[in-house]
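A closer look at the structure
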Amino acid sequence: MSKVNQAQIFQAAREVLDEKGYEKARLADVARKLDISSAALYKHFKNKEDLFEGTLVDWLNMIDEPLFAANERAKPADRDRALHDWMWLLSSRRQEFFLEEPELTKLYKEVLERNHELLNPRLVAFSEVVENIMAWDTFRHQRGATIMQTFAMFYHPYFVNMWKDPLLKTLFESTWLEINPILADAQTEG
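Just so it is clear, the model here is predicted, and its values are computed rather than measured.

Definitions and cut-offs
Residues numbered from 1 in each chain as written. Predicted model: local features only at pLDDT ≥ 70, side-chain atom pairs only at ≥ 80, totals over all residues. Heavy atoms only, no water. Axes fitted to C-alpha atoms, helices over the stretch in contact; angles between N-to-C directions. Helix = DSSP H or I, 4+ residues; strand = E, 2+ residues; numbered from the N terminus. Parallel < 35°, antiparallel > 145°, perpendicular 65-115°, else oblique. Left-handed = near helix turned anticlockwise from the far one by under 90°. Contact = heavy atoms within 4.5 Å. Nonpolar A, V, L, I, M, F, W, Y, C, P; charged D, E, K, R; others polar. pLDDT = per-residue confidence, 0-100. Phe/Tyr/Trp six-rings, centres within 6.5 Å; stacked < 30°, edge-to-face > 60°. Buried < 20%, exposed > 50% of the residue type's maximum accessible area, 1.4 Å probe, protein only. Salt bridge = Lys/Arg side-chain N within 4 Å of Asp/Glu carboxyl O. Core = buried A, V, L, I, M, F, W, Y, C linked by side-chain atoms within 4.5 Å. Arc of directions from axis to C-beta. Lys, Arg positive; Asp, Glu negative; His and termini not counted.

Focus on the packing of helix α1 (residues 6–24) against helix α2 (residues 27–34)
- Axis separation between α1 and α2 bottoms out at 9 Å; the angle between their running directions is 135 degrees. By the angle between their directions, the pair α1 and α2 is classed as oblique. You can see that α1 and α2 cross each other, and the crossing is right-handed. Of α2, the residues touching α1 (which contributes Q8, I9, A12, A13, E15, V16, E19, K20 and K24) are D29, V30, K33 and L34.
- By residue class, the composition of the contact of α1 with α2 is 6 nonpolar, 1 polar and 6 charged.

So this is what it looks like as structure tokens:
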């Protein structure tokens, strides 16, 4: 039996989830994949839900890390393009990874339905990035939240079935054109 770290556990959990789905996956399956006892795995996680929610958060953090790394206030002349590019980075990363790992995506949707706390802090964090890029400082990040809500169909797992549409990028650009006047007004106000 070998020692394992959290990254190895999460990777094994992702593999088990992919092979069996959440309903049939067990901690014993993950332990077997790691060549450790179930008891050893219980030292890291109290139960199946704890393990797979930890795996889910780790996966989301990996997907979203470049988005938070790109959190830079843009120069006034570059703000629209910077926000556009950031929103497309969010959309394309989510689409790529969520489509590649349907079982984790399904689990994410189920967790969101059960527990909105997983969604709310992430949405607030994304809204803060939008506000920073655009040099806005609205109450409770209202403008940023409005942008995030407008583009929800391009990054939120509820819309994953729409992401195979060959016109998705065109729809994104059309949505961008629709909000552009609002962004321009907000720039002149701010």
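Examining unusual backbone geometry
- The backbone phi angle of D35 is positive, close to 60 degrees, even though this residue is not glycine.
- You will see that H141, though not glycine, has its phi angle at about 55 degrees, which is positive.
- Along the chain, the position of H141 falls in the loop between α7 (119–134) and α8 (142–150).

What about the confidence of the model for the chain?
- Per-residue confidence for the chain gives a mean pLDDT of 92; residues scoring 70 or more make up 95%.
- Mean pLDDT across the elements of the chain ranges from a minimum in helix α9 (residues 168–189), with 88, to a maximum in helix α5 (residues 79–100), with 97.

Some thoughts on the packing of aromatic side chains
- The tally for this structure, following the rule as stated, stands at 13 aromatic pairs.
- Residues F126 and Y155 carry aromatic rings whose centres are separated by 6.3 Å and whose planes lie at 85 degrees to one another, so their mutual orientation is edge-to-face. Of this pair, F126 sits in helix α7 while Y155 sits in the loop between α8 and α9, placing them 29 residues apart in sequence. Both residues of the pair, F126 and Y155, count as buried.
- Linked through ring pairs, W88, F151, F154, F172 and W176 together constitute an aromatic cluster.

Considerations on the pattern of salt bridges
- According to the stated counting rule, one finds 10 salt bridges in the structure shown.
- The shortest N-O distance in the salt bridge between K33 and E19 comes to 3.0 Å. Taken together, the positions of K33 in helix α2 and E19 in helix α1 put the pair 14 residues apart, joining distant regions of the chain.
- One salt bridge connects K169 with E173, and the closest N-O pair in it is separated by 2.8 Å. Remark: E173 and K169 occur in helix α9; sequence separation between them is 4 residues, near one turn of the helix.
- Three or more residues joined by partner-sharing salt bridges are found here, namely E15, E19 and K33.

Concerning the nonpolar core
- Formed by 56 residues in total, the largest nonpolar core has its most connected members in L41, W86 and M87.
- Residue contacts for M87: discarding those within four places in its chain leaves V130, I147, M148, F151 and F172.

With respect to α8
- For α8, every residue scored as buried is listed here: G144, A145, I147 and M148. End-on view of α8: buried residues confined to an arc of 160 degrees, all on one side of the axis.

Some words on α2
- Of all the residues in α2, the buried ones are L27, D29, V30, A31 and L34.
- Two residues or fewer past α2, D35 is found with a positive phi of approximately 60 degrees.

Observations regarding the side chain of K48
- Here K48 is to be found in helix α4 (residues 48–69).
- Comment: no salt bridge for buried K48; closest opposite-charge side chain is E23, at 5.4 Å.
- Those residues within four positions of K48 in sequence are excluded, and the remaining contacts are Y22, E23, A25 and L27.

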